[in-house]
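Commentary on secondary and tertiary structure
Okay, here's what each chain looks like letter by letter:
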Amino acid sequence: MVRGGSDTSAAALGAALKADCVEIYTDVDGIMTADPRLVKDANILEQISYAEVCQMAYNGAKVIHPRAVEIAMSSNIPMYVKSTFSDAPGTLITSDSNGRSAGSEVAINESCASGVANLGDLVQFRIELNPTDLAAGRNLFEDLAAAGISVGCLNLSEKEAMFAVFSADQERTVKVLDETGFKYACNTGCAKVSVVGSAMRGVPGIMATFVAALASKNIAILQTVDSDTTISAIVKEEHLVDAVTALHQAFKL
């Protein structure tokens, strides 16, 4: 058991000592299904997998440092996120979610997702690419990397690249694009909303549920990205609360 210190230090110490578990004490009762400041009926998760909590953290959830989870996962040490101010059992972070292994059968009307995460203060860029110049995309991202700009929500096709950066990087991104001569459109005031859940893998209808939830609130999807465990959309930041709430309800969290 480790009190105080950083999440990463606690996990590293637990791994070095071959501890039975690591307990992280915070000011909340555990990891929640959504930001309670945005979703009033957000719930405490009893259990979540290492992979899922990492994805939630990377997609904006202020839960636990993902590096700490990676250390615990590499040593297969269970972690608990608990409150310093209550006796609540907290959230167990372990190798699978809710006792269900990845790939298990799950119906769309079950809680196949574990949480909804969000990131704000984003700017979306849409870049025109020359389909006859196969090096155009490589050159674009090499130039951005050289300028120290980290891009997210990347979609790349023969004729177009789409990505998002934080607003603090907007000016530098524009400068790179102007200097290299790419034609582009810039969409400010954006946010990313993500549904995370390893049990979503291979379940028919997940994307339909995601899109329908946002459509029910008349929220335009500017771009989507997905992986085996995460579906994300870029939306206008003014719709963020409605988007998170709608997805939280649609996925029965």
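Because the structure is a prediction, the values reported are computed rather than measured. Counting restarts for each chain: residues are numbered from 1 in the order of the written sequence. Totals for whole chains, interfaces and linings use all residues, but because this is a predicted model, local features are given only for residues with pLDDT of at least 70 and pairs of side-chain atoms are given and counted only at 80 or more. For the side-chain quantities, the full set of heavy atoms in the structure was used; hydrogens and water were omitted.

Okay, the overall build of the chain next. Each helix is a run of DSSP H or I of at least 4 residues and each strand a run of E of at least 2, with the numbering of both proceeding from the N terminus. Along the chain, the regular secondary structure elements total seven helices and 10 strands. With the radius of gyration taken over C-alpha atoms, the globule rule is written as 2.2 Å times the number of residues to the power 0.38. Computed over the C-alpha atoms, the radius of gyration of the chain is 20 Å, within 12% of the 18 Å expected from 2.2 N^0.38 for a compact globule of 253 residues. Principal axes of the C-alpha set define a box for the chain whose edges measure 60 × 40 × 30 Å. Whether a residue is buried, partly exposed or exposed follows from its accessible area with a 1.4 Å probe, protein chains only, as a fraction of its type maximum: under 20%, in between, or over 50%, in that order. Each of the 253 residues in the chain was classed as buried or not, and the buried ones make up 46%. Averaging the positions of the 19 positive and the 30 negative side-chain charges in the chain gives two centres separated by 1 Å. By the counting rule applied here, Lys and Arg register as positive and Asp and Glu as negative, while His and the ends of each chain are not counted. Charge placement uses NZ in Lys and CZ in Arg. For Asp and Glu, CG and CD serve respectively.

What follows deals with helix 2 (residues 50-58). The complete set of buried residues in helix 2 reads Y50, E52, V53, C54, M56 and A57. Buried residues along helix 2 sit against strand 2 (47-49), helix 3 (66-75), strand 4 (91-94), strand 5 (115-128) and strand 8 (184-196). Count one or two residues on from helix 2 and you reach G60, which has phi positive near 115°. Here a residue-residue contact requires only that any non-hydrogen atoms of the pair lie within 4.5 Å.

Pairing within the open sheet is antiparallel, and its six strands lie in the order 6-7-5-8-10-9. Among the strands making up the open sheet, the edge pair consists of strand 6 (152-156) and strand 9 (223-226). Here the average twist between neighbouring strands, direction ignored, is 30°. In this analysis, strands are considered paired if DSSP registers two or more bridges between them. As defined by bridge partners, strand 5 adjoins strand 8 across 10 bridges and the pair is classed as antiparallel. The residue of strand 8 that forms the bridge with R126 is A185. For every element, the axis is a line fit to its C-alpha atoms; helices are fit only across the contacting stretch, and the angle between N-to-C directions ranges from 0 to 180 degrees. Packing of helix 2 onto the sheet brings it into contact with strand 5, strand 8 and strand 10 (230-236), and relative to strand 5 it is tilted by some 55°. Each of strand 5, strand 6 and strand 7 (160-166) touches helix 4 (residues 136-146); the most contacted strand, strand 7, lies at about 15° to it.

The next subject is the pattern of salt bridges. For salt bridges, the criterion is a side-chain nitrogen of Lys or Arg within 4 Å of an Asp or Glu carboxyl oxygen. Evaluated as defined, the whole model comprises seven salt bridges. One salt bridge in this structure joins R138 and E142, with 3.8 Å as the shortest N-O distance. In this pair, R138 and E142 both sit in helix 4, four residues apart, roughly one turn of the helix. Judged by relative accessible area, R138 falls into the exposed class, the value being 53%. Among the residues examined, E142 registers a relative accessible area of 44% and is labelled partly exposed.

Here we take up the environment of I93. Mapped onto the elements of the fold, I93 is located in strand 4. As for I93 and A10, which are separated by 83 residues in sequence, their C-alpha atoms are 14 Å apart. The residues touching I93, leaving out its near neighbours within four places in the chain, are I31, I48, S49, Y50, V53, I64, V69, P78, M79 and V81.

A cluster of nonpolar side chains, namely M207, V211 and I221, defines an oily patch on the protein surface of about 190 Å² accessible area. Its place among the elements puts V211 in helix 6 (residues 206-215). Patches in this entry comprise residues that are over 30% relatively accessible and not in a salt bridge; like charges within 9 Å are linked, as are nonpolar side chains (Val, Leu, Ile, Met, Phe, Trp, Tyr) within 5 Å. Working definition of accessibility: Shrake-Rupley area with a 1.4 Å probe, residue cover restricted to the visible protein chains.

Next up on the list: the pairing of strand 5. Counted residue by residue, strand 5 has 10 buried out of 14 residues, so it is predominantly covered. Note: strand 5 against strand 7, seven bridges, orientation antiparallel. Across the sheet, F125 pairs through a bridge with F163, a residue of strand 7.

Okay, the packing of aromatic side chains next. Only the six-membered ring of Trp is used, alongside the rings of Phe and Tyr, when aromatic pairs are assigned; centres must lie within 6.5 Å, and planes under 30 degrees apart are stacked while those over 60 apart are edge-to-face, with the rest tilted. Within the structure shown, the criterion is met by three aromatic pairs. Measuring from centroid to centroid gives 5.7 Å for F125 and F163, while their planes differ by 25°, and the two rings are stacked. One end of the pair, F125, is in strand 5; the other, F163, is in strand 7, with 38 residues separating them in the sequence. Relative to Y184, the ring of F125 has its centre 6.1 Å away and its plane inclined at 55°; by these criteria the two rings are tilted. Here the residue F125 occupies a position in strand 5, and Y184 occupies one in strand 8, the gap between them amounting to 59 residues. Residue F125 is classed as buried on the basis of its relative accessible area of 0%. Given the relative accessible area of 29%, Y184 is considered partly exposed.

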